[in-house]
Amino acid sequence: MILNIILKGLILLLGAFIFQVSLSGFSRKVVARIQKRYGPVFWQNFRDIFKFLFKETSISHGFIFDFGVLMAFGGTMATLIFLPYGSFEVIPGQTNFIVVIYLLAIGLLGMAMSAVGSANPNASIGISRALTQMLGYELPFLIVALVIMYINKSSSLGVLVQNQIQNGWNIWSMPIGAGVAFVSVMGMLGKKPFDSPIAPAEIASGPLVEYSGKYLGILMIQHDFATVIEVGLFVNLFLGGGQTVIGFAIKYIVVYILMVIISSFLPRFKVEESVKFFWKWGLSLALIQAIISLGIYLI
Amino acid sequence: MNVSSLIIIAGLMSIVIYFISKFNWKLGTALQTITFLVFGYFLYSTHGDSQSVLKIFNGVNLRFAISDFNYLFLLIGVSVMFIVSIFSIDGIKKFKFKPAYNFLITLIFVSILGVFGAADFIALFIFWELLTWAAFFIVSMGKKFSRKAALLFLFMSMISAYFLITGIITINNTIGSFTFEALINNYDLLTYSIKIKILIFFLIAGLIKSGIYPFHIWVRTTHGESPHTFSPVLSGLLLKFGFYIIYLISIFFPISYIISSNPAKLISEIPGSTFFAYLGGISIIVGTISAILQNDAKKLIAFSSVSHGGYILLAFSFGTSLAFAGGLAHIIVHALTALGMFLSIGAVYYRTGTTKIDEMGGLIKNMPVTFTTYLVSIISLAGIPPLVGFVSKWLIYQSLIVRGSYFLAFAAFFGSIGSFMYVFRPLAGVFLGQRPKRFENVKEVPVFMQVSMLIVTLLTVLFGVLPGLILKPIAYMQQQIGIKPIKASLYKLFTELTTLDMVIVFSVFSAGFIAALIVFMLFAKPTKVKQHEQYTAGEIVPELQTQPSIYHYAKNYYKPFARIFEKFPSLENWYRKCANYLSNIFEIFEEFFYKESINGYIWLITLTFLIVLFIRWF
């Protein structure tokens, strides 16, 4: 039983790694074609990650700098376990939405701690922006998720997926909410126009400014895992997850590439602008969706 | 042991502790700690009903009881006092009036026993006032502006006490007795309007004492200015007095009678219930935003207490068994997290003499234990599994989701995500970042302070992994007072929506961490560098070595966020304007009566005397 879970968990981590790293390599190609460039090969991201991991020199700024990276990486890997991927669940029945949201936060907190622990002001500015922006994008997303959980009377992602397979996808029954969640997930991923926390030209890549060598390699993997969780949440909540792993992966690829394409021709928001954007448009649309869905549900 | 003898012994001990502290303050504080521990043991061993009567003058009897409805509160009270008292053995070193401080803290302990152990309203009120009196003197021993803060505290407590006594007298007028028992037995005698009246009086008294939204103004100054060993008691325990009143009145009135049979009736009978839940929601949002904008660490935690008070009020007035259990659990959770945060900031203050976030930095190298306590407490406060903060928030969320209350859920989410912002500010500003030159030789705090912080840390982790340790007593308590109990097991959380196994969450998280550690260890060893060796875009910044604080980003940490709220109206300003307006109106009376001469007062006394005489005459 336990051995089975460990084996499944390792398969999941390896699979998610290979899948998402190739996909982000592919997305670089997509962006390049939009900008009329040739672009790198799709395995370029593997090259980058392994180059960083095997570097002989890397700089450490003390205990918390290391510990935060471990917390971020470990927390994100732990969160991956609690998500259903089509028919694939690592621990059957343990796919709670609220656990996923909160465990994801532990990764962010670890990352933030480590970055600020480097004592570089650019990193601190980036983290303060990232936390501020988080108050923007999480709220509309959670409100929409709440509506889904209320209507389905369950906060387990596995049950939500099963209900969608029976009754049709949530994106058709609540299109406004799906739109809001889509933009929120873009905010979570730090895609443009919500990339002020890592703005390279202003604050030298923000939180990542002091990382090098294996730290940077680990954080790149962590970012890819976090992407799997966030986009995976959207697929599970709105696109009916998938009956098989392949079905899940196809939906995932469509959503991810769509986000990459949209973000590739948008400029950057100032951080307070993006918070205001999420509160003004995201929240009000989420609440409208809540009222509509509640009305339909009660009738 | 029953409560009345415990109170008498504690009262006598306060005098003993005072004199021993005069002789040797460390011995006195240690004696105080041992006293609290022994009392805790006695309370713990007297499980089950135990009634007792304390006779005071004129045949007035004060009734006390240890019963299922207050057993948990008594234990929380004694534990918090015990932990803070361990901290004080080293922590009160720089205080001016150590014997008096110890004396007053023991009195506070007495009043905690009295309020939580009371079985009639007169006993409750007497010890409630004793608490205000003792806390007033302790708060005024604190920082520079503490006297002003103490006055504000006294003023707000007085208003609260007036409401409380009015409510108590209304009860007595209707049923002719002050005891809890008489109230429960004669519940049917109360008419609807009287019920509402009593409820409103008690709730306002409780809301003021617990610092909920329109009455939160005293929390910031009082917590911020009071001595650093007393702030944890204020936040972890004294705010809970208000919730205890709300809890009591919600047992007596609607909840125990109505929830078990018909939850919907609660709303029809008590129109205020939903209103108060919304007040809790507003309190969460206001507390969170205000906390994010603070630069003083203690004031920041004070506002976080306002926000978490909002959670408790929301849970209590929401009216389901699950939410009620969540509220009770959140009282324990917030007591623990407030202890952890205030004790660690108090430890920092003990060594550095400041609580301003932007004046410090990089203290993790000097104070690792303090940092660990703070880190664990904030992770718990933000509600991240597998720590205890997750348990209560989970219960509250689940009850909100089941009922589909969107505004309240929005407020709860807002408070939860906003808490990441405000807890991170002291973490970044005080413990991480560039360490200023003058704090290079700061040492970790003495051993007793470390011990008390470690206790808090361990409890936070323990209760998080095994939530049954707090949920089982709560479920038992709910059963005893007639509410449908929640399902509780040692390490599983049950709700109507789903089941969660905390041990699985904890082991998956540990496994993830170990996997990360293995990956980390696989590759080449990193080179350690000093804090001034930074990326500076290729420029050499010579000041970085001599003056590291210029490279520390802590001032205006959330400036972009503050810009959003620049034009928002402030309640405190509004209160101030009202006060100015009133003082302008009454200037004429001031001229007349309060001239700075004795005549005015004689005028006033004579007039009062004449009025009283006049009333008596006719």
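Our subject is the structure listed above.
Residues numbered from 1 in each chain as written. Chains lettered and ligands numbered in written order. Predicted model: local features only at pLDDT ≥ 70, side-chain atom pairs only at ≥ 80, totals over all residues. Heavy atoms only, no water.

Draft legend 1. Looking closely at the overall build of chain B. For chain B, the count of helices and strands is 25 helices and five strands. On C-alpha atoms alone, chain B measures out to a radius of gyration of 26 Å, which is about the 25 Å that the 2.2 N^0.38 rule sets for 618 residues. Relative to its 618 residues, chain B shows a buried fraction of 60%. Considering chain B, the positive charge centre built from 45 side chains and the negative charge centre built from 25 side chains are found 4 Å apart. (Helix = DSSP H or I, 4+ residues; strand = E, 2+ residues; numbered from the N terminus. Rg over C-alpha atoms; globule rule 2.2 N^0.38 Å. Buried < 20%, exposed > 50% of the residue type's maximum accessible area, 1.4 Å probe, protein only. Lys, Arg positive; Asp, Glu negative; His and termini not counted. Charge placed at Lys NZ, Arg CZ, Asp CG, Glu CD.)

Draft legend 2. Inspection of the interface of chain B and chain A at higher detail. Chain B puts 70 residues into the contact, and the matching count from chain A is 75 residues. Interface area, chain B with chain A, both sides summed: about 6,500 Å², of which 78% is carbon and sulfur. It is Y406, F520 and F523 of chain B in chain B that bury the most area against chain A; as a group they hold 12% of the surface buried on that side. At the junction of chain B and chain A, the tally comes to one salt bridge. Across the pair E272 of chain A and R563 of chain B runs a salt bridge, and its minimum N-O distance is 2.7 Å. On the surface where chain B and chain A come into contact, there are eleven residue pairs in polar contact (both at pLDDT 80 or more). Contributing elements (two or more residues each) for the side of chain B that touches chain A: α15 (368–381), α16 (388–403), α17 (406–431), β4 (499–501), α20 (502–522), β5 (527–528) and α22 (559–564) of chain B. Among the elements that take part in the side of chain B that touches chain A, α17 of chain B stands out by supplying 13 residues, more than any other. (Contact = heavy atoms within 4.5 Å. Buried area = accessible area lost by both parts, 1.4 Å probe. Salt bridge = Lys/Arg side-chain N within 4 Å of Asp/Glu carboxyl O. Polar contact = N/O pair within 3.5 Å; in protein donor to acceptor, adjacent residues only side chain to side chain.)

Draft legend 3. A look at a positive patch on the surface. A grouping of K270, K276 and K280 of chain A together with K567 of chain B is seen on the molecular surface, where their side chains present a positively charged patch. Relative to the helices and strands, K567 of chain B resides in the loop between α22 and α23 (571–585). (Patch = residues over 30% accessible without salt bridge, like charges linked within 9 Å, V, L, I, M, F, W, Y side chains within 5 Å. Areas by Shrake-Rupley, 256 points an atom, 1.4 Å probe, with all protein chains shown as cover.)

Draft legend 4. Geometry of a nonpolar patch on the surface. Residue and element names in this part refer to chain A. Judged by side-chain polarity, I176, W281, L285, I288, I292 and I296 come together as a nonpolar surface patch covering roughly 540 Å² of accessible area. Here the nonpolar patch takes five residues from helix α12 (residues 271–298), the largest share from any one element. Tracing the backbone through its elements, the reader meets L285 in helix α12.

Draft legend 5. How the structure looks around empty space enclosed by the protein. Residues and elements named next belong to chain B. Tallying each qualifying case throughout the model produces three cavities of 30 Å³ or more. By volume, the second largest cavity is sized at about 40 Å³. Lining the second largest cavity are H308, H330, V333, H334, T337, S380, L381, G389, S392 and K393. At the level of elements, α14 (321–352), α15 and α16 are the ones that each hand at least two residues to the lining of the second largest cavity. Element by element, the count of residues in the lining of the second largest cavity is highest for α14, at four residues. Along the lines of polarity and charge, the residues of the lining of the second largest cavity split into two nonpolar, seven polar and one charged. (1 Å grid on protein atoms, 1.4 Å probe; cavity = no way out; pocket = protein on both sides within 12 Å on 5 of 7 lines; lining within 4 Å. Points joined across faces, edges and corners; volume = space filled by probe spheres on them. Nonpolar A, V, L, I, M, F, W, Y, C, P; charged D, E, K, R; others polar.)

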